[in-house]
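In case you want the letters, here they are:
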Amino acid sequence: MEEEKEINYSERVKEFFKDNRVELYDKLKIIHRNGQVIKGVLLPRPDIGDPDVLILKLDNGYNIGIHLDNIVSVKVLGHLEAAPLVKIRKTYKVRKKSLVYFLGTGGTIASRIDYKTGAVYPFFTAEEIYSMFPELEDIAFIKAESLFSIFSEDMKPSYWSIIAEKVADIFKKEEPKGVVIAHGTDTMGFTAAAMAFALRRLPGPVILVGAQRSSDRPSTDAAFNVIAATITALDAPFGESVVVMHGSTSDSYCYVHRGVKVRKCHTSRRDAFRSINDIPLARIDYPNSFILLNERYLARSKEGIILENKFDPKVFLLKFYPGMPGEYLDLLIDKGVHGIVLEGTGLGHVSENLLKPLKRAYDEKIPVVMTSQCIWGRINMNVYRRGRELLKVGVISGEDMVPETALVKLSWLLGKNLDYKEIREAIHANIVNEINPRSEHRSYPSL
Amino acid sequence: MNMKVNYKEIGLMVGLEIHQMLNTKSKLFCECPTLLRTDNPHFHFLRKLRPTRSELGEMDPAALFEFKKGVSYRYEGYEDGICLVEMDEEPPHDLNREALEIALMISLMLKSMPVDELHVMRKIVIDGSNTTGFQRTALLAIGGEIYVEGKKIPIQTVCLEEDAARKIDEDKKRKEVVYRLDRMSIPLIEIATAPVINTPEEAERVAFKIGQLLRISGRVKRGLGTIRQDLNVSVKNGARIEIKGVQELGLISKIVEFEVVRQLKLLEIKDKLEKRGVRKEMIKNDFVDVSEIFVDTKSKIARRVLSRGGIALAVKLPGFAGLIGYELQSGRRLGTEFSDRAKYWADVGGIFHSDELPSYGITLDVVNKIKQRLNCDVNDAFVLIFEEKEKAVKALNAVIERAKEALDGVPEETRGANPDGTTHFLRPMPGKARMYPETDIKPIRITKEFLDELQRRLPEPPEAKYEKMIKIYKLSSEMARKMIESYHLDLFERIVEKLNVTPSIVASFLENTLVNLRREGFPVSNLSDEKIFLMFELLSRNIIAKEALPTLAEYLSKNPGVPVDKAVEELGLRTLGMEEVNSIIDKAIKNNISLIRERGERAIGPIMGIVMREVRGKVDGKLVSELVKDKINKILMQGK
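Computed from a prediction, not measured in an experiment: that's the story for all the values here.

### A look at the overall build of chain B
For chain B, the count of helices and strands is 20 helices and 24 strands. Computed over C-alpha atoms, the radius of gyration of chain B comes to 32 Å, more than 25% over the 26 Å expected from 2.2 N^0.38 for 640 residues, which places it beyond the range of a compact globule. The principal-axis extent of the C-alpha atoms belonging to chain B is close to 110 × 65 × 55 Å. Every one of the 640 residues in chain B was classed for burial, and the buried ones make up 55%. At a minimum sequence separation of 6, the contacts of chain B that also span at least 24 residues come to 74%. By element, 49% of the accessible surface of chain B is carried by carbon and sulfur atoms, the whole surface being about 29,100 Å². Taken together, the 103 basic and 98 acidic charged side chains of chain B have centroids lying 3 Å from each other.

Here it is, written out as structure tokens:
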């Protein structure tokens, strides 16, 4: 038996397996201490629970756990050929010519259950996508490849660079109507912002899509999200980095959020993503009608993509809280941080004791950008005295950018090797509509 | 449908699956209350469910069929009763410990062996009755037994699972099914017996016995819909038929009886077909458009469908003449089974077959013309449908499938119970349950210490309870039997253990008074356990008399919003003080003194009547009677 698979069983259990020549996926007949006879297939253990308990799958499909101490005897009746990956349909009919290119990075959307073991496996080929969402056969010609298979919380700036380069390459070589990136939802907003800065003059949209309910469950939101993303790739007039996810708890419509203005605002709901200080670019009504909602967009460009995909990872997002010691900020500077985004209170404030270390950052030409922990609304450091004091020590207003976008933007600007003054100017400059000059009444949700 | 059946000879085997709601404070995987509601829902949302691929990489055909119909599910919820967990918008919380405890207790009562570690599974069900598309269920215990009239009935498994949502409505035009979420995820215990039951009556007795045991636990919900039985019925050469959702215990023996008859008659049909030399390959989907025969028809449905561009489509069923109309169960024929299938697979209104024609405005002439068109022989039958073409083809394909199955005898399928004990086709027998682990919930270790503690807290077995009813509570043997079989058993025990009241009064109220009131049409379900308990508390403190109980119960059932003490005030049921009683009696005596002098002791009766008219329900009648006798006797003594 392979060592790694049984690793979650205790040494005692492994001894027992060895003594009785038992292997994983063997069909066992166990005599229980109280006389009960139990027949079932031995499964690997998940990494939680009591490692002395054997997990058996019974004929009726149920899994149960039986403690080693309760087993009087065991007999191997046979072996179940573990076929961890399900076979998929090899043929599919494509009725449309328009190409949409899918890139996999991991996450809930690109996973599939192995019904025998309950393990979840990533998937990502065109065959698998068609097989999972057969409606796509009527919508688009799909090509797909998997770039990574990682949890979205393990995403990092160097991966953003790889994705951006790949997308630019695909647009050049394959000329798809759009590129759909399957991504875990947790850090999807960061990646969407990164794509927005790294890829400009796009010939079509770069669409990040995910699922809040994994695609192995009947109630998954993945299917409609993927279909809506594909529709966006085909029908959108814009060439921007966007996020396409459910717009409500119902399977009724999806929103297309601007990548630099979107934020995951709920831990678990299907409609977790919200456009912040902006309205969504478009809506897709079930099953496939595209409705443009926002006229302020960057149109598909034919002038050739600008790829600037370097990001500086040495940036820090610091959330201020009452009583925060100033030396923590000093520590960051001591550690050689290249730039800081502050999540201040209200209109953009921090406590008085931070003024001194902030002045030090200014003197050392470390850009500090102010955003608000209110999430909604705009920074204005002219209203109160503290704001004016912050401006005096060089803190730069992040305008109405969400903190995450400000962080990605700062990381990107630092990656371009700009000097301090240029960075200050570029933070204020509106590069890809990451700043909305008008704060609209309707862009703040009411209960 | 009287058919004398020797159940032993035909090899009847019945197994039961009993689903009982547990009376927990909250649902199985969240903190929402376990209340069934009738008020208007506060919000709703719309979902689609998709078939997921099976182990073989293909979609389950039945599931795929449902999905292709394009059905949406509308779920209704309450802000104060449904949270994101039931909406499938938040992962499940930890499994309800109270439910686990009750279910384990019941397992121990059944002598079933709890597993050492509980694994919650997802069982795929995509008819919309679960927002997730699966039911969460866990196998809690294996084995066990109960004895019914000396016969051992083995228990196979005990599971703890979440209940499904309640279907409220189905809008075929909008392809929308409406479910309400109040019932979804209420904890259920599922008890499956081995298929060792051999007669319809025995099936009912076993169900009753398990139900009694559940009630004795004192921790299950009561009332209609809180317990549901599924029956697995088969006879020799027949097939295993699963009959779902039997809510009334009294219907079980009837359903089994009728199902046996159905299977036997289907086997008869099979024999007849074989004798006529019919083989499966002779039943072909050679559908013929016979619309032109209906040009001048009087049949309303034919005219309506044809004028809308639909067609009349017919198919020959060789050798089926006289058999389609053969009655299987009261009012249900082989033709009904054809029609059930056509309705299920093609969503049509119904079909016509030659055994029931001429009728419905279709004349003999038309029937003969169709037979001619289809080249029907004497023994051949036909099925006819008026529909738009695509649906008509689908419907007849379903009929052809079922007709072929007639040559197998009894097709395996899941059937639903009708209120009269007959059954209807519900859906094809699901393939092996598709189950996989609920990865959002940690496995739960069930320790020996925990089980030992539960074992100590197990309720007494029914026999011990019965003894106690007689010896300690002094109930009559008849009342004692009623009580241990009662849904009110736990309430009875709570009242007599906590309050100083005569147990026979409590038992009589719960088993006689309430039943009478229900028969008279009072909504006694409005009387919560708490209210009944309060009534007896007032009785124990002598604030009301036992005679006041029926009046109070009537009033409270009709006025569920009124608190018990307020009702007592409003009805003027508060017990009178001795002073008041004495003065009422004295007044009555004074007003009728001549009568007393005249009749002597025989005046006691009429005087009692006068007094009781004023004090009934407010004081113990026995006491009044003693006082009246006493006082009149005194007067008579004085007179001497």
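The discussion continues.
### A closer look at the domain arrangement of chain A
Residues and elements named next belong to chain A. When the domains of chain A are assigned, the result is domain 1 (4-79), domain 2 (99-307) and domain 3 (315-428). For domain 2 versus domain 3, the separation of C-alpha centres amounts to 31 Å. Facing 16 residues of domain 2, the contacting portion of domain 3 comprises 13 residues. When domain 2 packs against domain 3, close to 1,300 Å² is buried across both sides, 66% of that on carbon and sulfur atoms.

### Re helix α6 (residues 326-334) of chain A
What sets the pattern is the α-helix's 3.6 residues per turn: residues three or four places apart point alike. Residues and elements named next belong to chain A. If you check which residues of α6 are buried, you get Gly-326, Leu-329, Leu-332 and Ile-333. Buried residues of α6 fall within an arc of 115 degrees about the axis and therefore sit on the same side. For α6, exposure combined with an orientation more than 90 degrees from the buried face picks out Glu-327, Leu-331 and Asp-334. Buried residues in α6 make contact with β20 (315-319), β21 (339-344) and α7 (355-363).

### Examining the domain arrangement of chain B
With domains assigned, chain B is organised as domain 1 (13-240), domain 2 (277-409), domain 3 (460-571) and domain 4 (578-639). Between domain 1 of chain B and domain 2 of chain B, the C-alpha centre-to-centre distance is 38 Å.

### Points about the packing of helix α17 (residues 578-591) of chain B against helix α19 (residues 604-615) of chain B
Residues and elements named next belong to chain B. Here α17 crosses α19 at 140 degrees, and the two axes come no closer than 10 Å. By the angle between their axes, α17 is oblique relative to α19. The element α17 and its partner α19 pack so that their crossing is right-handed. Contacts between α17 and α19 pair Ile-584, Ile-585, Lys-587, Ala-588 and Ile-589 from the former with Ile-607, Ile-610, Val-611, Glu-614 and Val-615 from the latter. Class assignment of the residues belonging to the contact of α17 with α19 gives a composition of 8 nonpolar, no polar and 2 charged.

### Quick notes on the layout of surface pockets
Residue and element names in this part refer to chain B. By volume, the second largest pocket amounts to about 1,900 Å³. Around the second largest pocket, the lining is made up of 49 residues, and of these Lys-221, Arg-222, Gly-223, Leu-224 and Tyr-487 lie nearest the centre. Sorting the residues of the lining of the second largest pocket by element identifies α3 (200-216), β13 (227-234), α13 (503-519) and α14 (529-540) as the ones contributing at least two each. With 5 residues, the single largest contributor to the lining of the second largest pocket is α13. Looking at the lining of the second largest pocket residue by residue, the class counts come to 17 nonpolar, 17 polar and 15 charged. Taken domain by domain, the makeup of the lining of the second largest pocket includes at least three residues from each of domain 1 (13-240) and domain 3 (460-571).

### Brief notes about empty space enclosed by the protein
Evaluated as defined, the whole model comprises 6 cavities of 30 Å³ or more. Of the volumes computed, that of the second largest cavity is approximately 60 Å³. Split by residue class, the lining of the second largest cavity holds 3 nonpolar, 4 polar and 3 charged.

### Points about the sheet that holds strand β15 (residues 288-289) of chain B
Hydrogen bonds between backbone atoms are what pair the strands of a sheet, whose relative direction is either parallel or antiparallel. Residues and elements named next belong to chain B. Spatially, the 4 strands line up as an open sheet ordered β15-β16-β20-β19, and their pairing is antiparallel. Each edge of the open sheet is held by one strand with a lone partner, namely β15 and β19 (352-353). Taken together, the 2 bridges between β15 and strand β16 (residues 311-317) define a ladder with antiparallel strand orientation. For Asp-289, the partnering residue across the bridge sits in β16 and is Leu-313.

### Some details on the interface of chain B and chain A
At the interface, 54 residues of chain B touch 55 residues of chain A. Both sides together, the interface formed by chain B and chain A hides about 4,400 Å², and carbon and sulfur atoms give 54% of it. Taken together, the connections running from chain B to chain A amount to 9 salt bridges. Tallied by class, residues from the side of chain B that touches chain A come to 23 nonpolar, 11 polar and 20 charged. Bridge count for strand β4 (residues 63-67) of chain A against strand β5 (residues 117-118) of chain B is 2 bridges, and the pairing is antiparallel. Across the sheet, residue Ile-64 of chain A finds its bridge partner in β5 of chain B, namely Leu-118 of chain B.

What counts and how
- Residues numbered from 1 in each chain as written.
- Chains lettered and ligands numbered in written order.
- Predicted model: local features only at pLDDT ≥ 70, side-chain atom pairs only at ≥ 80, totals over all residues.
- Heavy atoms only, no water.
- Helix = DSSP H or I, 4+ residues; strand = E, 2+ residues; numbered from the N terminus.
- Rg over C-alpha atoms; globule rule 2.2 N^0.38 Å.
- Buried < 20%, exposed > 50% of the residue type's maximum accessible area, 1.4 Å probe, protein only.
- Contact = heavy atoms within 4.5 Å.
- Areas by Shrake-Rupley, 256 points an atom, 1.4 Å probe, with all protein chains shown as cover.
- Lys, Arg positive; Asp, Glu negative; His and termini not counted.
- Charge placed at Lys NZ, Arg CZ, Asp CG, Glu CD.
- Domains from an automatic or database assignment.
- Buried area = accessible area lost by both parts, 1.4 Å probe.
- Arc of directions from axis to C-beta.
- Axes fitted to C-alpha atoms, helices over the stretch in contact; angles between N-to-C directions.
- Parallel < 35°, antiparallel > 145°, perpendicular 65-115°, else oblique.
- Left-handed = near helix turned anticlockwise from the far one by under 90°.
- Nonpolar A, V, L, I, M, F, W, Y, C, P; charged D, E, K, R; others polar.
- 1 Å grid on protein atoms, 1.4 Å probe; cavity = no way out; pocket = protein on both sides within 12 Å on 5 of 7 lines; lining within 4 Å.
- Points joined across faces, edges and corners; volume = space filled by probe spheres on them.
- Pairing = 2+ DSSP bridges.
- Salt bridge = Lys/Arg side-chain N within 4 Å of Asp/Glu carboxyl O.

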